[in-house]
Amino acid sequence: MVKKAELHVHLEGTMPPALVRQLAARNSAQIDPATFKSESEYAWDDFWHFLDCYDKAAATILTKDDYRMVTYDYLARCAQEDTIYVEMFSSPDHAAEVGMSYADHLEGIAAGIDDAQREFDIVGRIIVTCVRHLGAQKALKVAERFVATPHPYVVGFGMGGDETQFHPKDFAPAFNLANKAGFKTTTHAGEFGGPESIRASLDNLPISRIGHGVRAIEDIALIAEIADRRIPLELSPGSNVATGLFRDRSSHPFKALMDAGCVVTLNSDDPPFFATSIGHEYDEAAQSYHLSESDLNQITRNAILAAFCDEALKEELLAKI
Ligand code: ADE
Ligand code: ZN
């Protein structure tokens, strides 16, 4: 079995509906029935509705132990698919929304990483993210807390959310703070924004990778720049098809970007929302883009080389492929 590594997955977006119901029940919390379409499916019909649905699911994570459970549960599922490394986006803003401290949020996730590593020999690391549509002030607050609270599992800073809102330069103070403290950074760009959104991110933020970046396909010069500068793309074909960016996997430019020399990786983004998993992304990519086992191994190598963890861990992980 091909070993897999994932760099782009939102922890609050990894919960299957059954886990959300379980957390809501154990916390005696209400969950709006409209959050779900069926026992195992979330209900949303466009990207903005998805973000709302994601917030509702995230609001059921109320305690440090809930975060431990969500993290452990996700890594356990990844390990079953021969995944050796996962870099997870955590969102302190979502934790704060339910009254949880930054420390509890982080310690819960770290405990889940420890439990999963002990049991399944899978390694997890954390990228702390801000939420773009909440604005630059909140992003800076997250970055300040991030820099003030170092943790061995926290390896980078990032930004998710609605990229059609605000401009990347508004977030430069937050990203520069994180970067000057020695951390690598990544941002969602070129998902619901076009190639100009990617270029604005590259021009204004100290980013080492791009979350999605798939709409670089609309600008040949930008593709060449991303390839030449070896800026890894965190591609998520299943997510992009589910949110309606592309008709199907064969129309997704994963292979075109790969053939153009871009450093590509495969990711699940918010797996139960998009009826996918990291294993499913690898299987579907192999089929849709006619990838060989050696291509898939190279994609895993790309992810490990582009990871924000330390070099010693990268060496250990590369030796497993
Ligand atoms: N937050 C969770 N999933 C996201 C996505 N696909 N794009 C932007 N922000 C997100
Ligand atoms: Zn994402």
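Conventions adopted
Residues numbered from 1 in each chain as written. Chains lettered and ligands numbered in written order. Predicted model: local features only at pLDDT ≥ 70, side-chain atom pairs only at ≥ 80, totals over all residues. Heavy atoms only, no water. Donors = N, O, S within 2.8 Å, 3.2 Å for Na, K, Ca; no water. Tetrahedral: all angles 85-135°; square planar, octahedral: opposite > 155°, others 65-115°. Helix = DSSP H or I, 4+ residues; strand = E, 2+ residues; numbered from the N terminus. Buried < 20%, exposed > 50% of the residue type's maximum accessible area, 1.4 Å probe, protein only. Near = heavy atom within 4 Å. Polar contact = N/O pair within 3.5 Å; in protein donor to acceptor, adjacent residues only side chain to side chain. Nonpolar A, V, L, I, M, F, W, Y, C, P; charged D, E, K, R; others polar. Contact = heavy atoms within 4.5 Å. Axes fitted to C-alpha atoms, helices over the stretch in contact; angles between N-to-C directions. Parallel < 35°, antiparallel > 145°, perpendicular 65-115°, else oblique.

Chemist: So what's going on with the coordination of the zinc ion (ligand 2)? Which residues, and what values?
Modeler: The protein atoms donating to the zinc ion (ligand 2) are His8 (NE2), His10 (NE2), His188 (NE2) and Asp269 (OD), with metal-donor distances spanning 2.1 to 2.2 Å. Coordination geometry of the zinc ion (ligand 2): the 4 donor atoms subtend angles of 88 to 171 degrees at the metal centre, consistent with an arrangement described as irregular. Between consecutive donors of the zinc ion (ligand 2), the numbers of intervening residues give the motif H-x1-H-x177-H-x80-D. Of the two residues, His10 is situated in strand β1 (residues 4-10) and His188 in strand β7 (residues 184-189); the sequence distance between them amounts to 178 residues. Residue His10 shares its accessibility class with His188, and that shared class is buried.

Chemist: Could you give an account of the site of ligand 1, with specific residues and numbers?
Modeler: By nearness alone, every residue bordering ligand 1 is listed as His10, Phe47, Phe50, Leu51, Tyr54, Gly160, Gly161, His188, Glu191, His212, Asp269 and Asp270. Taking His10, its side chain carries an N or O atom lying 3.4 Å from a nitrogen atom of ligand 1. In the environment of ligand 1, a nitrogen atom lies 2.7 Å from a nitrogen or oxygen atom belonging to the side chain of Asp270. The leading source of residues in the shell around ligand 1 is helix α2 (residues 47-58), at 4 residues. Grouping the constituent residues of the shell around ligand 1 by class yields 4 nonpolar, 5 polar and 3 charged.

Chemist: Please give an account of the environment of Thr71 that cites residues and values.
Modeler: Locating Thr71 in the fold gives a position in helix α3 (residues 64-80). Using a relative accessible area of 0% as the deciding quantity, one classes Thr71 as buried. Through-space distance from the C-alpha of Thr71 to that of Asp114 is 9.7 Å; in sequence the pair is 43 residues apart. Contacts of Thr71, omitting those with residues within four sequence positions, involve Leu11, Met88, Ile109, Gly112 and Ile113.

Chemist: I'd like a rundown of the packing of helix α6 (residues 136-148) against helix α7 (residues 172-180), residues and numbers included.
Modeler: At a minimum axis distance of 8 Å, the contact between α6 and α7 shows a crossing angle of 10 degrees. The orientation of α6 relative to α7 falls into the category roughly parallel. For the pair α6 and α7, contact is made by Ala139, Leu140, Ala143, Glu144, Phe146 and Val147 and by Pro173, Ala174, Leu177 and Ala178, respectively. A breakdown of the residues in the contact of α6 with α7 according to their chemical character gives 9 nonpolar, no polar and 1 charged.

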